[in-house]
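Below are the chains, spelled out letter by letter.
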Amino acid sequence: MTAKILLQANNNIKFTTEACILKTVESYGAIIAFSFRNGGCSSGPYESLNFSSAYGDKRTCVTRNLRIFSDHLGIESSQIITLNQEHGDTIVIVDQIPGTTLAGDAIIAVNSGLYPSIKTADCLPILIIDPVKKISAAIHAGWRGTVLRITRKVVLTLVNDFKCNYESIIVALGPAIGLCCYEVDQTVLKPLFSEIPWAEKFTAQADTDPQQFLTKRRLDLVAINHQELINLGIFPENIHVVKMCTSCNRDKLFSYRRDGVISGRNIAVTGFRPVGV
Ligand SMILES: [Zn+2]
């Protein structure tokens, strides 16, 4: 039996009923928040702060939940930008609220008052801000996005296209399925090790592979993306990790692996408050 990752105290992170919030960025007028499943109006498998109506929950409940969460953060729900996520590596760049829901797996917002978001239930949400340029980004990094190097591509876009400096960039890695619970087979391992050979050191023996045939491994998505950020030159002290496994924390987080497709989705939101607000 593997040790489970449970809630860990961290002076930089504030835990409320509805969210964990990175306190250290508040002085920049920035928001970095990852939702918990409590305090919303959905019921059944979506109980209660669910952010997706794609799996059977009522659209009216999801809209109300988004309002509850945005009120909690002190922002307008209409300014939260969502994507039709595809497990790809398309980066959507926004300078205003899009008129329609765009497709992709990362959002870069170049203005204040825009709040990029990502919905997950085990995949890793990564939120990035540059307090100097007032640019924010949200990334959906499941295993496919990780293999496609989506985190690296977003950071390089920030640096090359928007002239962000590596030393200014602050990153938060949110709740995701942990090494404790994320067993994968060759479908994942083969493309992963082919693209990122060093990822092998962030795996462990699978519980269901006692003979160590190595056809299955447990995978640490958070550690791989963390290492990707370090390799790029992001300062270690500017990388914050929530350290919560979605599958282990049933009372706080939705998990696809644990609950199946008919369940809720968590949301991760970042951005800068408009000046003077
Ligand atoms: Zn776990």
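Up top you'll find the structure we're talking about.
What you are looking at is a predicted structure, and each value in this text was computed from that prediction instead of being measured.

Caption draft 1: Representation of the environment of Gly 44 in the model. Locating Gly 44 in the fold gives a position in the loop between β3 (30-35) and α1 (59-73). Using a relative accessible area of 48% as the deciding quantity, one classes Gly 44 as partly exposed. Separated by 29 residues in sequence, Gly 44 and Leu 73 place their C-alpha atoms 25 Å apart.

Caption draft 2: A look at the coordination of the zinc ion. Looking at the zinc ion, the protein donor atoms are Cys 180 (SG), Cys 181 (SG), Cys 245 (SG) and Cys 248 (SG), and they sit 2.3 Å from it. Coordination at the zinc ion is tetrahedral, judged from the 4 donor atoms that bind it and the angles of 103 to 114 degrees they form at the metal. Mapping the donors of the zinc ion onto the primary sequence gives the spacing C-C-x63-C-x2-C. Here Cys 181 is found in the loop between β12 (170-173) and β13 (183-184), whereas its partner Cys 248 is found in the loop between β16 (239-241) and α6 (256-259), with 67 residues between them in sequence. Of the residues examined, Cys 248 reaches a relative accessible area of 17% and is grouped as buried.

Caption draft 3: Structural context of the packing of helix α3 (residues 150-160) against helix α5 (residues 221-232). α5 packs onto α3 with a crossing angle of 35 degrees between their chain directions and a minimal axis gap of 9 Å. Crossing angle aside, the handedness with which α3 passes α5 is right-handed. Listed contacts from α5 to Thr 151, Arg 152, Val 155 and Leu 156 of α3 are Asn 225, Glu 228, Leu 229 and Leu 232.

Caption draft 4: Region of the structure containing the nonpolar core. Formed by 25 residues in total, the largest nonpolar core has its most connected members in Ile 128, Val 154 and Leu 173. Elements with a minimum of two residues in this core: β8 (106-109), β10 (124-130), β11 (135-141), α3, β12, α5 and β16. Broken down by element, the residue count for this core peaks at 5 residues, all from α3. Apart from the residues lying within four places of it in its own chain, the contact partners of Val 154 are Ile 91, Ala 106, Ile 108, Ile 128, Ala 137 and Ile 139. Counting 19 residues, the second-largest nonpolar core is a separate cluster that includes Ile 129, Ala 138, Ala 172 and Ala 268.

Caption draft 5: Region of the structure containing the environment of Leu 49. With respect to the secondary-structure elements, Leu 49 resides in the loop between β3 and α1. Beyond its immediate sequence surroundings of up to four residues, Leu 49 is in contact with Glu 18, Phe 36, Arg 37, Asn 38, Gly 39, Gly 40, Asn 65, Ile 68, Phe 69, Phe 254 and Arg 265.

Caption draft 6: Broad picture of the pairing of strand β6 (residues 91-94). Residues Val 92 and Val 94 point to one face of β6 and are all buried, whereas Ile 91 and Ile 93, pointing to the other face, are not buried. For β6 and β8, the ladder comprises 4 bridges, and the chain directions are parallel. Bridging across to β8, Ile 91 finds its partner in Ala 106.

Caption draft 7: Inspection of the sheet that holds β11 at higher detail. Pairing in this open sheet of 6 strands is mixed, and the strands run β6-β8-β11-β10-β12-β16 from one edge to the other. Sheet topology places β6 and β16 at the edges, where each strand pairs with a single neighbour. With strand direction ignored, the average angle separating the axes of adjacent strands in the sheet is 15 degrees. By the bridge criterion, 3 bridges tie β12 to β16 in an arrangement that is parallel. Directly across from Ala 172, in β16, lies its bridge partner His 240. Docked against the sheet, α3 engages β6, β8, β10 and β11, running at close to 165 degrees with respect to β11.

Caption draft 8: Local environment of the pattern of salt bridges. As enumerated under the stated definition, the model contains 8 salt bridges in all. Residue Glu 228 pairs with Arg 149 through a salt bridge whose shortest N-O separation is 2.7 Å. Linking Glu 228 in helix α5 with Arg 149 in the loop between α2 (143-147) and α3, this pair joins segments that are 79 residues apart in sequence. Arg 149 sits in the buried class, given a relative accessible area of 15%. Salt-bridge contacts for Arg 258 lead to Asp 259; the nearest nitrogen and oxygen are separated by 2.8 Å. On the accessibility criterion, Asp 259 (28% relative accessible area) is partly exposed. Put simply, Arg 149, Glu 195 and Glu 228 are held in one network by salt bridges that share partners.

Calculation rules
Residues numbered from 1 in each chain as written. Predicted model: local features only at pLDDT ≥ 70, side-chain atom pairs only at ≥ 80, totals over all residues. Heavy atoms only, no water. Helix = DSSP H or I, 4+ residues; strand = E, 2+ residues; numbered from the N terminus. Buried < 20%, exposed > 50% of the residue type's maximum accessible area, 1.4 Å probe, protein only. Donors = N, O, S within 2.8 Å, 3.2 Å for Na, K, Ca; no water. Tetrahedral: all angles 85-135°; square planar, octahedral: opposite > 155°, others 65-115°. Axes fitted to C-alpha atoms, helices over the stretch in contact; angles between N-to-C directions. Left-handed = near helix turned anticlockwise from the far one by under 90°. Contact = heavy atoms within 4.5 Å. Core = buried A, V, L, I, M, F, W, Y, C linked by side-chain atoms within 4.5 Å. Pairing = 2+ DSSP bridges. Salt bridge = Lys/Arg side-chain N within 4 Å of Asp/Glu carboxyl O.

Nothing here speaks to function; it is all geometry.
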